[in-house]
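Residue-level structural notes
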Amino acid sequence: MTVTRSYEVQDVFTPTRPARSTFVERQSVNDRLVAALETPGKQIVVYGYSGCGKTTLLVNKLHQLYENHITTRCYSGLTFEQLMLDAFDRLAPFYDSERTHTKTNKVSSSIQMNYLGIKGQMAGDSARQDQTKQLRVLPPQLTPQNLAIFLGETHCCWVLDDFHKIDSREKVKMAQVMKLFVDMADTYPELRIIAIGAVDTARQVIQFDREMDNRVSEVFVPLMTEAEIREIPDQGEKLLNFSLPPAIKNQVVRFSDGLASICHQLCLNICFAAEIRRTIEANIEINQDVLDKALELYVEESADTLKGAFDQAFRQSHGQTLNDGKVILRALLKYNQEGATKEEILAKIKRKQPEYKMPTLTNFLRHLQSPDRGELIRYDPASARYSFSENIYRAYAATYFEREQQKETRAQKTTVNVDAEDVLRHLIRDTLAH
Ligand SMILES: Nc1ncnc2c1ncn2[C@@H]1O[C@H](COP(=O)(O)OP(=O)(O)OP(=O)(O)O)[C@@H](O)[C@H]1O
Ligand SMILES: [Mg+2]
């Protein structure tokens, strides 16, 4: 094959960034998203498990279909006022006077004046606030209505990434803004909010306002299928000019387990191990030794992160005899990836710990969903089930307890230290062998 363009390996395999050159089109999700994007006034909630490809899908589709968009990344503690200010700030390039002039009368001059007026006033306010160290306040003129006009005039949609992270009170206010955007769709058909969030995000938006029910399009992004995952190395091979024999590619796909980020990481490691930094002149074939090196690198990189998350989940206060984290995760492992309800988990726990109480379980299940405890599990209100938040956590937990059991039997002790790298190596061996 003749290679016409050179690519850097980090731009081809992107474990921590939205894929561009290896972006895989996902037909079923695409169709729903595109239909929603083409319906005037439709507000959109894109939701799915962590790492399933929500952000990537949006980034790529908006580039293909939308004139302009702005993105606000949400985090816990972010207020409605800060969200409004963030959107306002991100619109600045569109209202920058030089740029607006070059585009043929795109933005009406009175609206531009209005934007710049609010901006000017905020600059004055913040100079004053610097002295008193106060937070930025929302100027009275920056109403949701005005923000809608500023967005609408520039044919911009507003993406709220990680929407699930903001507090319920702020979500209620954002649902109201969505409603206003729906009402203004006659004037500005492209005006919309796209909220990207975790599995239960769609319900969170709708439950605040029944009227929003048919004005919000909910797009569920599933984990990637094996065929979709396979396209990542398929495309990467072409762009960088190397070949993965089928047996090796199968292992990469199997180990990725529906998560594109793992696939990107493994492919990147393969390139590192084969010393491919950018598109190469003469095609080379990757052998099992290279894959083994790549997996070893994966173990070294991931062990700390996985160990960190499990250490947090298993942390005990002084004098505590029962390790709630271990008890709960062991019980959860008895169910498949879909997880189990609280009652089912308790029933499993009670087989070994008949005294275990529901309030303790409820409390600890909440902890296990928080970053402070590694966010190992998630809750899906639609099915009322708890499950591992990522397949790799589930697999790691299974291997972890198995290794702990083996060591306990050998050492005849009650507590043993299980080495994270050792667990990961076993996990990889088992996954690739099945
Ligand atoms: N369609 C796709 N084609 C190729 N790679 C993809 C695709 N979708 C996602 N990826 C890759 O998968 C990883 C995770 O994707 P992304 O960050 O979009 O997921 P997410 O659902 O937004 O995750 P989070 O819940 O953590 O925000 C990234 O490495 C990205 O490059
Ligand atoms: Mg994301």
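The written sequence of each chain sets the order in which its residues are numbered from 1. Following the order in which they are written, the chains are lettered starting with A and the ligands numbered starting with 1. Where local features are concerned, this predicted model is filtered to residues with pLDDT of at least 70; where side-chain atom pairs are given and counted, the filter is 80 or more; whole-chain, interface and lining totals use all residues. Only heavy atoms go into the side-chain values, all of them from the structure, while hydrogens and water stay out.

**What to know about the site of ligand 1**
- Throughout, near means a residue has at least one heavy atom within 4 Å of the molecule or strand. Taken together, 23 residues surround ligand 1, and among them T14, R17, K54, T55 and T56 come closest.
- Polar contacts, as counted here, are pairs of nitrogen or oxygen atoms within 3.5 Å of one another; within protein the pair requires one atom able to donate a hydrogen and one able to accept it, and residues that are adjacent in sequence qualify only if both atoms are side-chain atoms. Residue C52 places a main-chain N or O atom 3.3 Å away from an oxygen atom belonging to ligand 1.
- Take S261: an N or O atom from its main chain is 3.5 Å from an oxygen atom of ligand 1.
- Helix numbers and strand numbers start at the N terminus; a helix is a DSSP run of H or I with at least 4 residues, a strand a run of E with at least 2. Breaking the shell around ligand 1 down by element, the ones donating at least two residues are α3 (54-65) and α13 (260-273).

**Details of the packing of helix α12 (residues 246-256) against helix α19 (residues 420-433)**
- With axes taken as lines fitted to C-alpha atoms, and helix axes fitted only over the stretch in contact, angles between N-to-C directions fall between 0 and 180 degrees. At a minimum axis distance of 9 Å, the contact between α12 and α19 shows a crossing angle of 115 degrees. The crossing of α12 and α19 is right-handed. Where α12 approaches α19, its residues Q251, R254 and F255 are matched on the opposing element by I428, T431, L432 and A433. Crossing handedness follows the turn of the near helix against the far one: under a right angle anticlockwise gives a left-handed crossing, and clockwise gives a right-handed one. Whether two residues are in contact is decided by their heavy atoms, any of which lying within 4.5 Å being enough.

**Overview of the environment of L91**
- Along the chain, the position of L91 falls in the loop between α4 (80-90) and α5 (92-95).
- Between the alpha carbons of L91 and V12 there is a distance of 30 Å; along the sequence they are 79 residues apart.
- For L91, the contacting residues outside a window of four places in its chain are I70, Y115, L147, F150, L151, T154 and C156.

**Some thoughts on the domain arrangement of the protein**
- Per the annotation, domain bounds derive from an automatic or database assignment of domains. According to the domain assignment, the protein consists of domain 1 (25-220) and domain 2 (307-433).
- The C-alpha centroid of domain 2 is placed 38 Å from the C-alpha centroid of domain 1.
- Facing 5 residues of domain 1, the contacting portion of domain 2 comprises 6 residues.
- Here the quantity called buried area is the total loss of accessible area, with a 1.4 Å probe, experienced by two parts when brought into contact, counted for both. Taking both partners together, domain 1 and domain 2 bury about 470 Å²; carbon and sulfur atoms supply 57% of that area.
- Area buried by domain 1 at its contact with domain 2 is led by Y49, D200 and R203, which between them contribute 68% of it.
- Criterion for a salt bridge: a side-chain nitrogen of Lys or Arg within 4 Å of a carboxyl oxygen of Asp or Glu. Our count for the domain 1 to domain 2 interface comes out at 0 salt bridges.
- Where domain 1 packs against domain 2, one counts 0 residue pairs in polar contact (both at pLDDT 80 or more).
- Only Asp, Glu, Lys and Arg are considered charged in this grouping, and only Ala, Val, Leu, Ile, Met, Phe, Trp, Tyr, Cys and Pro are considered nonpolar; every other residue, Gly among them, is considered polar. Classifying every residue of the side of domain 1 that touches domain 2 by side-chain character gives 2 nonpolar, 1 polar and 2 charged.

**Remarks on α12**
- Burial classes: relative accessible area under 20% of the type maximum marks a residue as buried, over 50% as exposed, and values in between as partly exposed (1.4 Å probe, protein chains only). Turning to α12, its buried residues number three or more, namely I248, K249, Q251, V252, V253, F255 and S256.
- Looking at the buried residues of α12, the elements they touch are α11 (226-240), α13, α14 (288-314), α18 (391-411) and α19.
- D257 sits one or two residues past α12 and shows a positive phi near 55 degrees.

**Quick notes on the state of the cysteines**
- The criterion for a disulfide is a pair of cysteine sulfur atoms lying within 2.5 Å. According to the stated counting rule, one finds 0 disulfides in the structure shown.
- C74 forms no disulfide, and the closest cysteine sulfur to it belongs to C157, at a distance of 14 Å.
- For C74, a relative accessible area of 3% gives the class buried.

**Side note on the nonpolar core**
- To define a nonpolar core, start from buried Ala, Val, Leu, Ile, Met, Phe, Trp, Tyr and Cys residues and group those joined through side-chain atoms within 4.5 Å. Of all hydrophobic cores here, the largest spans 74 residues; its most connected members are F13, I328, L329, I345 and Y396.
- Excluding residues within four positions of it along the chain, Y396 makes contact with L306, K307, F310, A420, V423, L424 and L427.
- Counting residues in hydrophobic clusters, the runner-up holds 45 residues, among them C74, F181, Y188 and V216.

**Description of the side chain of E170**
- Its place among the elements puts E170 in helix α9 (residues 168-183).
- On the basis of relative accessible area, E170 is assigned to the buried category, the value being 4%.
- Sequence-distant contacts of E170, defined by excluding residues within four places in its chain, comprise L78, T79 and F80.

**Notes on the pairing of strand β4 (residues 193-197)**
- For β4, the tally of buried residues reaches 5 of 5 residues, placing the bulk of the element in the interior.
- Here β4 shows two buried faces, one formed by I193, A195 and G197 and the other by I194 and I196.
- Paired strands, as defined in this entry, are two strands with at least two bridges between them according to DSSP. Strand direction decides the pairing type here: strand β1 (residues 43-47) and β4, joined by 4 bridges, are parallel. Across the sheet, residue V46 finds its bridge partner in β4, namely I196.
- Summarising the sheet, strand β3 (residues 156-161) and β4 pair through 3 bridges and their orientation is parallel. For L160, the partnering residue across the bridge sits in β4 and is A195.
- The handedness of a crossover follows from its direction of travel: if, with the strands pointing away from the viewer, the path from the first strand over the helix to the second runs clockwise, the crossover is right-handed. Between the parallel pair β3 and β4, the chain is carried across by α9, and the sense of this crossover is right-handed.

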